Every structure is written in structure tokens, then in C-alpha cells.
Amino acid sequence: MTEAILLVGGKGTRLRPLTVHTPKPMVPAAGVPFLTHQLARARAAGVDHIVLATSYLAEVFEPYFGDGSSLGLHLEYVTEEEPLGTGGAIRNVASRLRSGPDEPVLVFNGDILTGLDIRALVDTHEKTGADVSLHLTKVTDPRAYGLVPTDETGRVLAFLEKPQTPEEIVTDQINAGAYVFRRSVIDTIPAGRPVSVERETFPDLLSAGAHLQGMVDSTYWLDLGTPAAFVRGSADLVLGRAPSPAVPGRCGDRLILPTARVAPDAKLTGGTVVGEGAFVAEGARIFGSTILPGAVIEPGAVITDSLIGTRARVGERTVLTGTVIGDGAVIGPDNELHTGARIWCDAHIPAGAVRFSSDQ
């Protein structure tokens, strides 16, 4: 196994405003763009050639990662002019692959943080002679996901859309967003039009009698599609709960990047990250949050499970819980923003303008 495809073309609409100026895989998690963690884990598993399928804000990837040599990889970039979906993106980069017809090609979704044993998935694929092998994970509540039931040997039996009733929940196994394709199968995906592997490619292969193999690996797994999940994933990387060789420092309660400044009496816990050039003033308390480069946290601010955008400013005594502050936004002193609030890039909230409690 020497090569992989990384699907990094999505617009990341569920993560806005984080993705207004930055594609989702490039939003920092544990101090580096999230994509860095995926690339590092692939390299650790023996992959040396990766093709990035890009689309939204495609121009930012190559200037950052270049040819991949700094990571011990050879990277190539293919840009979709129009979004092609997961299957269409895989087919669109096929000409850059070097594998022979029967050799394995890894495919990763660009927004999944996982502890998957990549080598074990490839070994399962080769031992079973499958056409496609899928990483499956078990979830407590599978209603938000497509279900993938398998037989006692792990062979996939069906792909079921999100269940609507208890009777439709026939398994707790879901598609976890990592695959191994037999190289020749990629060439059977229709070219030049949008294709979903989940809704079209996999069900069609199953109908045609192809061998689709599932491998259940229930180590750490998180879909980083929402702001709350992204913040949690970053914190779990810092805390060491999620594995990555790319975390720029020792795992622990906090990660402070080299040019960040933090007041001696500020309290940072729960996997908090303070990015390059950011400043955390005296008396601030930050738990499980990400402070992106150049942001300023003023004295006495209290921030929990939140993400503060690049060059944003949080005023004195302001309390943020489960909140996303866009790049360049300014939150004045004595505000309170609670779970689910998203403040857009460059917005300005005056002092004491938003409260959930009395101002006394």
C-alpha cells in the first residue's frame, strides 16, 4: 500500500463562520490545520503518495503543504471545477494514481478524526479479496447516520438510509468514512458528473454482486462537521484521547503555541489551544476551547467549549459557552453568549449588548 485519496473539497457549511475564509480541512485543530493530522497518520501507516481532491478554496492547500516532502509524502492536487460529490471526486483524481488494477487505494473523508488502524483495514481488504472495504464504527444512536449491516464474516449486506423508526434500526454499525478500493473499481465510477459513493456507488456495486467488506473498528471516531464537534476534537487531540503524531507539543491540559502570550494567572484547562500570536490576559479562564492565531482574550473573560477565530477579540468579563466567534469579530466587555451562538466574521457586538442574566 503506497497511495491514498483525501477528499477535501467540501464547503463546510455546517462549520460556518469558521469556513468563510478557510476550507474545513485547513481549520486549525490542536495547533495545526486538521488535514495535517490525517496526512501524518496516513504516513505513519506506510502511505507515501496522496492525491488531494480539492474544490472549495482549493488555492490554499498547495501553498501550505507544497509537495509534501516536509511530511515524508508526495502530494498531488486535483481541483474540481464543479462539486462532484464523494464518488465523483474519487473518479476525478483516478488519472493521478499509480496502483495496478488489483492493488489497494485508500480513501479518506477530510472531516473525520479517528484512531482507525489503517494497516488492519488494508489487511482485511487483502485477506478477504474484497472489491471495496469500509471502516465501520458502532454508535449509540445511529439515527443520524446511514446503517451498514454485515453478515458473520463482515461482508456488507446492505446500505440503509437514516432510520426513521425503531424497527428500521437493524444495526448500530455506520459508515465511518474510510475505505480501501480495488484500483480497477475506481474506474467504474461514472466520470464528469456528481456521484455519491454512499448513495450510488456502494449500493450499485452491491446490486452487481461485488464483494464489499466491513471492518468494525470502534476506537476513537468523531465527525468534525459541526463547531461543537470540531472544538471537542481539537481538545481530544491535545488531551491525548485522539491519536496523532502531528500535535506540536506534549499532550496535556493545554497547548500554547510558541509565539502566543498567556498571563501567569490565566487558567487554561480541558485541552485548550492558544494559537500563534494570540494573547490571553490576566484572570481569563478558558476550558476546552480553541483560540486561533492572533486572537485577543481580555482580562476576566470566561470561555468554555468555544472557538475564537483568527484576530478576533473577546472583551473583559465576557462569558462564552459553546460559541463560535468568526475571524476578526469583536465581542465587547460584559457580554454573555451561550450554546449555539455563531458570531460572523468582522462583526462587532458592543459592551453589554447580549445578556442571559441581569447586568447587576
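Cut-offs applied
- All residue numbers refer to position in the chain's written sequence, counted from 1.
- Local features in this predicted model are restricted to residues whose pLDDT is 70 or higher, and side-chain atom pairs enter the listing and the counts only when it is 80 or higher, whereas totals over whole chains, interfaces and linings include all residues.
- Remark: hydrogens and water are excluded; side-chain values derive from all non-hydrogen atoms of the structure.
- UniProt positions are given in the numbering used here, feature names are shortened, and annotations may be inferred rather than shown by experiment.
- Aromatic rings from Phe, Tyr and Trp, with only the six-membered ring used for Trp, were paired whenever their centres fell within 6.5 Å, and each pair was classed as stacked if the ring planes differed by under 30 degrees, edge-to-face if by over 60, and tilted otherwise.
- Each helix corresponds to a stretch of at least 4 residues labelled H or I by DSSP, and each strand to a stretch of at least 2 residues labelled E; elements are numbered beginning at the N terminus.
- Partly exposed describes any residue whose relative accessible area lies between the buried limit of under 20% and the exposed limit of over 50%, with all areas from a 1.4 Å probe on protein chains only and scaled to the type maximum.
- Strand pairing is defined by DSSP finding a minimum of two bridges between the two strands.
- Note on contacts: a residue pair qualifies if any of its non-hydrogen atoms lie within 4.5 Å across the two residues.
- Helix axes use the C-alpha atoms of the stretch in contact, all axes being lines fitted to C-alpha atoms, and the angles between their N-to-C directions lie in the range 0 to 180 degrees.
- The rule is simple: put a 1 Å grid over the protein atoms alone, call a set of points where a 1.4 Å probe fits but cannot get out a cavity, call an open set with protein on both sides within 12 Å along at least five of seven lines a pocket, and count a residue as lining if it has an atom within 4 Å of a point.
- Grid points are joined across faces, edges and corners, and a volume is the space filled by probe spheres set on the points.
- Any residue outside Ala, Val, Leu, Ile, Met, Phe, Trp, Tyr, Cys, Pro, Asp, Glu, Lys and Arg is labelled polar, Gly included; the first ten of those are nonpolar and the last four are charged.

Under an unreviewed UniProt entry, the name given to the protein is NDP-sugar synthase, and the source organism is Streptomyces griseosporeus. Of the protein, the UniProt comment under Sequence similarities (unreviewed entry) reads exactly: "Belongs to the transferase hexapeptide repeat family."

A.B. asks: Any chance you could explain the packing of aromatic side chains here in plain terms?
C.D. replies: Aromatic rings in a pair are described by how distant their centres are and how their planes are angled relative to each other. Under the definition given, this model contains seven aromatic pairs. A centroid spacing of 6.5 Å and a plane angle of 65° characterise the contact between Phe-34 and Phe-230, whose relative ring orientation is edge-to-face. Of this pair, Phe-34 sits in helix H1 (residues 34-44) while Phe-230 sits in helix H7 (residues 227-239), and the two are 196 residues apart along the sequence. Phe-230 shares its class with Phe-34; the two are buried. An angle of 70° between the planes, with centres 5.1 Å apart, marks the rings of Tyr-179 and Phe-202 as edge-to-face. Of the two residues, Tyr-179 sits in strand S9 (residues 173-182) while Phe-202 sits in helix H6 (residues 197-207), which places them 23 residues apart along the sequence. On the basis of relative accessibility, which here comes to 1%, the residue Tyr-179 falls in the buried class. Each member of the aromatic cluster is reached from another via a ring pair, and the members are Phe-159, Tyr-179, Phe-181 and Phe-202.

A.B. asks: What exactly am I supposed to notice about the sheet that holds strand S15 (residues 272-274) here?
C.D. replies: Strand pairs in the sheet, formed through backbone hydrogen bonds, run parallel or antiparallel to each other. Across the sheet, which stays open at both edges, the six strands sit in the order S12-S15-S18-S21-S24-S27 with parallel pairing between neighbours. Two strands bound the open sheet, and with one partner strand each, they are strand S12 (254-256) and strand S27 (342-343). Running at roughly 90° to S15, H7 makes contact with S12, S15, strand S18 (290-291), strand S21 (307-308), strand S24 (324-325) and S27 of the sheet.

A.B. asks: Is there a simple way to think about the UniProt feature "domain: Nucleotidyl transferase" (unreviewed entry) in the protein in this case?
C.D. replies: The feature "domain: Nucleotidyl transferase" (unreviewed entry), as given by UniProt, occupies residues 4-236 in the numbering adopted here. Annotated as 26% helix and 23% strand, the span residues 4-236 places its first and last C-alpha atoms 25 Å apart.

A.B. asks: How should the UniProt feature "domain: Mannose-1-phosphate guanyltransferase C-terminal" (unreviewed entry) in the protein be read in this particular structure?
C.D. replies: With numbering aligned to this structure, UniProt lists the feature "domain: Mannose-1-phosphate guanyltransferase C-terminal" (unreviewed entry) at residues 252-332. A helix fraction of 0% and a strand fraction of 42% characterise residues 252-332, whose end C-alpha atoms lie 31 Å from each other.

A.B. asks: Sorry, what's going on with empty space enclosed by the protein here?
C.D. replies: Within this structure, the stated rule accounts for one cavity of 30 Å³ or more. Taken as a whole, the largest cavity holds about 150 Å³ of empty space. Contributing to the lining of the largest cavity are 15 residues, with Gln-38, Arg-41, Phe-108, Ile-112 and Thr-114 lying nearest its centre. Taken together, the elements giving at least two residues each to the lining of the largest cavity come down to H1, strand S6 (104-109), strand S7 (112-114) and S9. Sort the elements by how many residues they give to the lining of the largest cavity and H1 lands first, with five residues. For the lining of the largest cavity, the residue count by class is nine nonpolar, five polar and one charged.

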